[in-house]
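Notes for the structure review
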Amino acid sequence: MRICLIVDDYLPNSIKVAAKMMHELAVEFASLGHDVMVVTPDYSIKNKYEESILNGVKVYRFRSGEIKNVSKIKRAINESLLSYRAWNSLKEVFQKNPQDYIVYYSPSIFWGSLIGKIKNLWNVKTYLVLRDIFPQWALDNGLLKKHSIITKYFLFFEKKCYDSANTIGVMSKKNLDWFKEYYKGNAKVELLFNWAEDSPVVLKSKPYRKKLGLEKKIVFFYGGNIGHAQDMSQVIKLAKSMLNFPKVHFVLVGAGDEVGLVKNSIQEFHLKNMTLLPPVSQEDFKKLMAEFDVGFFCLHRNHTTHNFPGKILGYMVQGMPILGSVNFGNDLKEIVEEAKAGYVSVSGDEDQLLSNAKQFLKPGVVKTMSKNSKKLLEKQFSVSSAANSILHRF
């Protein structure tokens, strides 16, 4: 079977979770004997498109404007043009290479027009891997006003994105319940957990610990988007509360619209226990996780949807126990704590987050929860399980 995957970011030049997940899915499809092509934007190329092979997967990169780690206005404009630019650049490729099935990823919400065109061209079924539900989370956090023209603009494209799908997979049971109330279209909606390939990095040495002077520290690692949806003030407040614990250090790696907040806070509050690093390659990102002790994540308390941050899967692959905070009602708390793979508090409960962090200072806790984290990955979040679920719909 010929399968087309469409995503707004892809390897090897990305540390974004979407890029990693969709590549792992593409490789899994290929390992099952399917012919896979990936369509993705790339602002760095000069031609209309470029074709390459990555781990046996054919990748078509079309020329696009920047959509990652740029201003909100620039991102909105360039994402709005994704479908137009993809079709304009790859029209002949689509016509000459009909596919049997389309799998596309949101965010971005702006794929609807492209999906509609190639769905009709090939007369095929489509599967939407829906992760962040936008613009809802932006409304929850006060970044958009409910009845503004901008919100209506985004809602129009969101509907178009959903209407182009035959099946929509959401990431958690609570999200499934919420989305069934929210969504009024005809696509079948089902649960599709995030996934990760269980291929941990094994290190012979720990260069980052040595470079950063963290050889004898318990390191809490945060990797990925450093943005408003995560509410990075939670990490800052936790670091402030743990300044009196000399064994503890926080390492943050990534980019986003709250990088400035983190930088300023490190200086303002003299957070000697926090290090902020710029984005790194996927290879180095995995090495960082392999070196450090506890994987940290956080979600803004105002979310009404119940996201499952993909970074957690990377932590599990490396056997990192998990420390996190989620919006109220998010079933991720139950999943992690029932598996005894970490501790998760409700966002805004600073005392509980601090108490949870202190648990990892007790002898044997990191080691025991590390094993449980790996077990949880194998049981519930394998890439083979995700691939089979998607193919079952076809």
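Residues numbered from 1 in each chain as written. Predicted model: local features only at pLDDT ≥ 70, side-chain atom pairs only at ≥ 80, totals over all residues. Heavy atoms only, no water.

**As for the side chain of Asn 273**
Among the secondary structure elements, Asn 273 is positioned in the loop between helix 10 (259-268) and strand 11 (274-277). If sequence neighbours within four positions are ignored, Asn 273 has contacts with Ala 239, Met 242, Leu 243, Val 248, His 249 and Phe 250. (Helix = DSSP H or I, 4+ residues; strand = E, 2+ residues; numbered from the N terminus. Contact = heavy atoms within 4.5 Å.)

**Examining the sheet that holds strand 5 (residues 101-106)**
If you walk across this open sheet you meet the 8 strands as 3-4-2-1-5-6-7-8, and the pairing is mixed. Strands at the two margins of the open sheet, each flanked by one partner only, are strand 3 (49-54) and strand 8 (188-191). Across this sheet, the average inter-strand angle for adjacent strands is 20 degrees, counted without regard to direction. Here strand 1 (residues 2-6) runs beside strand 2 (residues 35-42); their pairing, made up of 5 bridges, is parallel. (Pairing = 2+ DSSP bridges. Axes fitted to C-alpha atoms, helices over the stretch in contact; angles between N-to-C directions.)

**Thoughts on the layout of surface pockets**
Empty space within the second largest pocket amounts to approximately 470 Å³. What lines the second largest pocket is a set of 24 residues, among which Asp 9, Asn 13, Ser 14, Tyr 43 and Lys 68 lie closest to the centre. Ranked by residues supplied to the lining of the second largest pocket, first place goes to strand 2 with 3 residues. In the lining of the second largest pocket, the residues fall into 8 nonpolar, 9 polar and 7 charged. (1 Å grid on protein atoms, 1.4 Å probe; cavity = no way out; pocket = protein on both sides within 12 Å on 5 of 7 lines; lining within 4 Å. Points joined across faces, edges and corners; volume = space filled by probe spheres on them. Nonpolar A, V, L, I, M, F, W, Y, C, P; charged D, E, K, R; others polar.)

**Overview of the pattern of salt bridges**
A complete count under the given rule lists 15 salt bridges for this structure. One salt bridge in this structure joins Lys 287 and Glu 283, with 3.5 Å as the shortest N-O distance. In this pair, Lys 287 and Glu 283 both sit in helix 11 (residues 282-291), 4 residues apart, roughly one turn of the helix. Residue Lys 287 is classed as partly exposed on the basis of its relative accessible area, which comes to 28%. What makes Glu 283 exposed here is its relative accessible area of 53%. (Salt bridge = Lys/Arg side-chain N within 4 Å of Asp/Glu carboxyl O. Buried < 20%, exposed > 50% of the residue type's maximum accessible area, 1.4 Å probe, protein only.)

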